[in-house]
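Now for the letters of each chain:
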Amino acid sequence: MADDPTTQREDTPYHREGAGGWGSVEGMAKVMAEMRPTPAVLDTLRVQNKPGGHMCTSCAWTKPKDPHPFEFCENGAKATIWDLTSARCGPDFFAQHTVTELLGWTDHDLEVQGRLTHPMRYDPQSDKYVETTWEQAFAGIGAELRVLDPKSVVFYTSGRASLETSYLWQLFARLYGHNNLPDSSNMCHETTSVGLKKVIGSSVGTCVLEDFDHCDMLLFFGQNTGTNSPRFLHPLKEAAKRGCHIVTFNPVREAGLVKFRSPQSPAQMTIGSATTISDTYLQVRPGGDIAALLGLVKRVFEIEEAQGGVIDHAFVAEHTHGFDALRSFAHATSWDAIEAAAGLERGQLVEVAEIYAKSKAVIGIYGMGLTQHVHGSDSIAMLVNLLLLRGNIGRPGTGISPVRGHSNVQGQRTVGITEKPELAPLDKLGEMFGFEPPREKGHTTVEAVEGLLDGSVRGFLSLGGNFAHAISDTGRVQPAWRDLAVNVQIATKLNRSHLLTCPTMWLLPCLVRAEEDAQASGPQAVSMEDSLSHIHGSMGRRTPAAGTLRSEPAIVAGIAKATLPPSPKVRWDEWVGDYAKVRDLIAQTWPDQFGDFNGRLFTPGGFYRGNAARDRQWKTESGRAEFTVPPSLQSLKRELRDGEYTLVTLRSNDQFNTTIYGYSDRLRGLDTDRMIVLMNPEEIARAGLHEGQAVRLVCALDDGHHREVGGLRVTPYDLPDRCVAAYYPEANPLVPLSLHDELSKTPAYKGTPVRIEA
Ligand SMILES: Nc1nc2c(c(=O)[nH]1)N[C@H]1C(S)=C(S)[C@@H](COP(=O)(O)OP(=O)(O)OC[C@H]3O[C@@H](n4cnc5c(=O)[nH]c(N)nc54)[C@H](O)[C@@H]3O)O[C@H]1N2
Ligand SMILES: Nc1nc2c(c(=O)[nH]1)N[C@H]1C(S)=C(S)[C@@H](COP(=O)(O)OP(=O)(O)OC[C@H]3O[C@@H](n4cnc5c(=O)[nH]c(N)nc54)[C@H](O)[C@@H]3O)O[C@H]1N2
Ligand SMILES: [Mo]
């Protein structure tokens, strides 16, 4: 292959080691030193992601039936150590600092204060959070919510809360009277929930772990495994060793997708060489995936016409719809147009298409590189087009596999956290709990912020997360948070969303997943769903960080009880006393997927909740899998103009979303502060800039609002022309709220046009 990482890339300044390896051990040690976790953290890590242990709060990658001796990665260990820190952020801390002062602190310095310990209420007079009791907090919140119009209140969720908590949360929202249930998924894989659903009738991926043992080609689009789901590198490494072709499309050369040195393999750690992961790495231009995929599709049609035998006509005839339109579109689009939009050469795409045409079982994998674009849904649909041509969905070793982010983000949707009433079993809920559920569509994350700006959103309750800092357009939007009538934040650590205060605001501290959750019936388990639709039980065993903490289900129930009139069918105390009863409710609501939930809770490898598309049953409008024609060859809002670049926002290896563990981005060979802008060296020269120069990025979309981020140091990196990269969340003020996937409203965090000003 032209771009063989083994021959070309070893000596670039960017990638020397590959993912895993000794660097990952050092990465963990650094967090250990700063967090000084309790010694028992090692016992916790030993059972992390294993039956009977707790399920990691880092990524959503599956937990295999036969776990490795240490079934955790550098980032999973960091997440646990970060949760089990010995530092405490209690009433003393808040007595010493005003909120205005804390707003000047960095994200890292806020969270490093440690675990929140006491329920706190904001006091506008002193501009400080002051200690309160749980009873006072619940009563105060309930009193506020009772006077608001329920439709003006939003219940946000970050994708970490368990299935049990999530079920109670959506029930509370609907009993109260709204479907305003956006979650972090609306900034993440909502493109999948909506876009994939449209074309194959499934809002989640179709693969299970065994498929990765049987595929002979993996197509990887915009998912940075080494940093964001490192345990997935193990099956990838095994697949690569078997000779499975792994082809990666990513503008950024990500070390983890190039090579992997297994920390589980003593031989590889000391003497062995790292395993090459991608045999082909194509640096597509940001937003160029639709064109790249169309190139592959076009070539498949060309081969079919020349020699036949490539397209699975029986599958196409029996299972699909729209084939002819796609074929005509592929014919009508020139290679020149494809090359220009993809930023790749025809020869590169032809080579990949020829491998595809010969491969018997192919899996398409993707992450935020596809979903966070204006035409994100169309990119996913284009990947599905390619897979369908050869019947690569619904056979062993094939399928489409979105890699989810937060550890239970997929499961939250499964148990009813959704703003889309048609996706929630409203009739069933009404019947079970004796009420008339609200039928009106709720807000997505983007719509929730639009509501903040126009004053129609008056109340905000946040079950985890750091929404005000994670959403786009933060510079423009943040002042609007001050106008809320009520804001309630349920959290483990202090973050920026807690500091955008309104006069009536509470900060409520909860247990983390690794801690023992003792309720009336004894210690409780919770559960979550992974990226491959398997459900796992999780037991926390560590002593809670403070005796004053409550569990998430207990906090949700506490607020709900204080807000809603009592009802004989709604038994908050009983449910909180024994989470098995909440699981029974889930099983009663979705009997097909959750039958005998409690009995199957600790199934090794999790229990599978099934997937119709995997069985080639297509729950689409036509009842078939849909071939579609994209509305545009690239996923961007518009073509770049002179002097403009596409901004891609990135995660470092030393962060989990807005949680900044530290300042190293080891896998990219970057070890500096986070205020940098990455550009390729030729582009730096063409722009008349030099390495280390401080520049300002300015959003180039003109909608009457000025957006800029200054103080970014120019840093050379291996990126395509006309592309710059900067870190999330520092770069979020540059992304207009209105720039989002057209179908699902997922913000276009990977496709903002910007100018550079010296
Ligand atoms: N350590 C760690 N783990 C995490 C997280 C974390 O922050 N830190 N976050 C969690 C969450 S919530 C999520 S959603 C996942 C996110 O995990 P990923 O889906 O991997 O998300 P990102 O790192 O934002 O970006 C993915 C890749 O997309 C590439 N990319 C950008 N634009 C394009 C494009 O136009 N086309 C293509 N093909 N590629 C593109 C980027 O170069 C990057 O390598 O990770 C989860 N796991
Ligand atoms: N520019 C840009 N913006 C992005 C993205 C991007 O790629 N680029 N990615 C988007 C994506 S994919 C996502 S998922 C969102 C993430 O958005 P969120 O999920 O809202 O943000 P996090 O940073 O994960 O939230 C961190 C906070 O969660 C709280 N927390 C941690 N553990 C727990 C717990 O167990 N319980 C409770 N109650 N609270 C807890 C802590 O207080 C911590 O400060 O950001 C989105 N924003
Ligand atoms: Mo995410």
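Residues numbered from 1 in each chain as written. Chains lettered and ligands numbered in written order. Predicted model: local features only at pLDDT ≥ 70, side-chain atom pairs only at ≥ 80, totals over all residues. Heavy atoms only, no water.

A. Looking closely at the overall build of the protein chain. When helices and strands are counted, the protein chain shows 33 helices and 31 strands. By the compact-globule yardstick of 27 Å for 758 residues, the protein chain fits well, its C-alpha radius of gyration being 25 Å. Reported as C-alpha extents along the three principal axes, the dimensions of the protein chain are approximately 75 × 60 × 55 Å. Sorting the 758 residues of the protein chain into buried and exposed places 67% on the buried side. (Helix = DSSP H or I, 4+ residues; strand = E, 2+ residues; numbered from the N terminus. Rg over C-alpha atoms; globule rule 2.2 N^0.38 Å. Buried < 20%, exposed > 50% of the residue type's maximum accessible area, 1.4 Å probe, protein only.)

B. Expanded view of unusual backbone geometry. With an omega of 5 degrees, the peptide bond running from Tyr728 to Pro729 counts as cis. Of note, Pro729 is situated in the loop between β30 (723-727) and β31 (752-757). Of note in this structure, Asp596 is not a glycine but carries a positive phi near 50 degrees. Note that Asp596 resides in the loop between α31 (591-594) and α32 (597-600). Residue Lys745 is not a glycine yet carries a positive backbone phi of 70 degrees. Tracing the backbone through its elements, the reader meets Lys745 in the loop between β30 and β31. In this structure Lys745 comes out as partly exposed when scored by relative accessible area, which is 24%.

C. Representation of the site of ligand 1. Neighbouring ligand 1 are 30 residues, the closest being Asn224, Glu254, Asp289, Gln655 and Asn657. Within the backbone of Thr227, a nitrogen or oxygen atom sits 2.9 Å from a nitrogen atom of ligand 1. In this structure, Phe249 approaches ligand 1 through a main-chain N or O atom, which is 2.9 Å from a nitrogen atom. Burial of ligand 1 by the protein amounts to 99% of the accessible area it has alone, namely 920 Å². Every element with two or more residues in the shell around ligand 1 is listed here: α12 (225-228), α21 (368-371), β24 (644-650) and β25 (655-656). Of the residues contributing to the shell around ligand 1, the split by class is 11 nonpolar, 15 polar and 4 charged. (Near = heavy atom within 4 Å. Polar contact = N/O pair within 3.5 Å; in protein donor to acceptor, adjacent residues only side chain to side chain. Areas by Shrake-Rupley, 256 points an atom, 1.4 Å probe, with all protein chains shown as cover. Nonpolar A, V, L, I, M, F, W, Y, C, P; charged D, E, K, R; others polar.)

D. Representation of the nonpolar core in the model. Residues Tyr167, Phe172, Phe433, Leu508, Ile559 and Phe594 are the most contacted members of the largest nonpolar core, which totals 59 residues. Filtering out sequence-adjacent residues up to four positions away, Tyr167 remains in contact with Val415, Leu429, Met432, Phe433, Val582, Leu585, Ile586, Thr589 and Trp590. In this structure, Ile311, Leu326, Trp335 and Ile400 belong to the second largest nonpolar core, which totals 58 residues. (Core = buried A, V, L, I, M, F, W, Y, C linked by side-chain atoms within 4.5 Å. Contact = heavy atoms within 4.5 Å.)

E. Molecular detail of the UniProt feature "domain: Molybdopterin dinucleotide-binding" (unreviewed entry) in the protein chain. Per the UniProt entry, the sites bearing "domain: Molybdopterin dinucleotide-binding" (unreviewed entry) are residues 646-753 in this numbering. Between the first and last C-alpha atoms of residues 646-753 the distance is 5 Å; the span itself is 6% helix and 32% strand. (UniProt positions renumbered as here; feature names shortened; annotations may be inferred.)

F. Region of interest: the site of ligand 2. Contacts to ligand 2 come from 32 residues, most closely from Glu111, Tyr156, Thr658, Tyr728 and Asn732. At 2.6 Å, a side-chain N or O of Tyr156 approaches an oxygen atom of ligand 2. Separating an oxygen atom of ligand 2 from a side-chain N or O atom of Asn657 is a distance of 3.1 Å. Contact with the protein chains covers 97% of the free accessible surface of ligand 2, which is 930 Å². Mapped onto the shell around ligand 2, the elements with two or more residues apiece are α26 (467-470) and β16 (486-491).

G. Up close: the environment of Leu601. Position of Leu601 relative to the elements: it lies in the loop between α32 and β22 (607-608). With relative accessibility at 4%, the residue Leu601 sits in the buried group. Residues Leu601 and Arg439, spaced 162 residues apart in sequence, show a C-alpha to C-alpha distance of 32 Å.

H. Quick look at the environment of Tyr356. Summarising the element assignment, Tyr356 is placed in helix α20 (residues 346-358). Accessibility expressed as a relative area gives 1% for Tyr356, which makes it buried. It is 38 Å that separates the C-alpha atoms of Tyr356 and Leu163, two residues lying 193 residues apart in sequence. Sequence-distant contacts of Tyr356, defined by excluding residues within four places in its chain, comprise Met217, Leu219, Val300, Val362, Leu386, Leu387, Arg390 and Asn392.

I. Layout of the sheet that holds strand β13 (residues 362-366). One open sheet holds the 5 strands; their spatial order is β11-β8-β7-β13-β14, and the pairing between them is parallel. Strands with a single pairing partner mark the edges of an open sheet, and in this sheet they are β11 (280-282) and β14 (399-402). The mean inter-strand angle of the sheet, taken between neighbouring strand axes irrespective of direction, is 15 degrees. Alignment of strand β8 (residues 245-249) against β11, held across 3 bridges, turns out to be parallel. Of the residues in β11, the one forming a bridge with Thr248 is Tyr281. Taken strand by strand, α20 contacts β7 (217-221), β8, β11 and β13, and its axis lies near 140 degrees from that of β7. (Pairing = 2+ DSSP bridges. Axes fitted to C-alpha atoms, helices over the stretch in contact; angles between N-to-C directions.)

J. Molecular detail of the pairing of β14. Going residue by residue along β14, you find Gly399 and Ser401 tucked away on one face and Ile400 and Pro402 tucked away on the opposite face as well. Summarising the sheet, β13 and β14 pair through 4 bridges and their orientation is parallel. Note that in β14 the partner of Tyr366 across the bridge is Pro402.

K. Fine view of the confidence of the model for the protein chain. Per-chain confidence: the protein chain averages 93 in pLDDT, with 96% of residues scoring 70 or above. Note that pLDDT drops below 50 for residues 1-17; the model gives that stretch 43 contacts with residues more than four away or on any other chain. (pLDDT = per-residue confidence, 0-100.)

L. Representation of the sheet that holds strand β6 (residues 153-157) within the structure. One open sheet holds the 6 strands; their spatial order is β5-β4-β17-β16-β15-β6, and the pairing between them is mixed. Of all strands in the sheet, those with a lone pairing partner are β5 (128-131) and β6, marking the two edges. Within this sheet the neighbouring strands show an average axis-to-axis angle of 20 degrees, counted without direction. The pairing of β6 with strand β15 (residues 459-463) spans 5 bridges and is classified as parallel.

M. Examining the pattern of salt bridges more closely. One pass over the full model with this rule turns up 37 salt bridges. Between Glu74 and Arg666 there is a salt bridge, and its shortest N-O distance comes to 2.5 Å. With Glu74 in helix α4 (residues 74-83) and Arg666 in the loop between β26 (659-660) and β27 (676-679), the pair connects residues that are 592 residues apart, well separated along the chain. For Arg638, the salt bridge goes to Glu644, with nearest N and O atoms at 2.8 Å. Each member of the pair Arg638 and Glu644 is classed as buried. Each of Glu74, Lys78, Asp654 and Arg666 takes part in one network of salt bridges that share partners. (Salt bridge = Lys/Arg side-chain N within 4 Å of Asp/Glu carboxyl O.)

N. Structural detail: the pairing of strand β28 (residues 694-699). Judged from the 4 bridges that link them, β28 and strand β29 (residues 708-716) form a sheet pairing that is antiparallel. Looking across to β29, one finds that Val695 is bridged to Leu712. One ladder, built from 4 bridges, connects β28 with β31; its direction is antiparallel. Bridging across to β31, Val698 finds its partner in Arg755.

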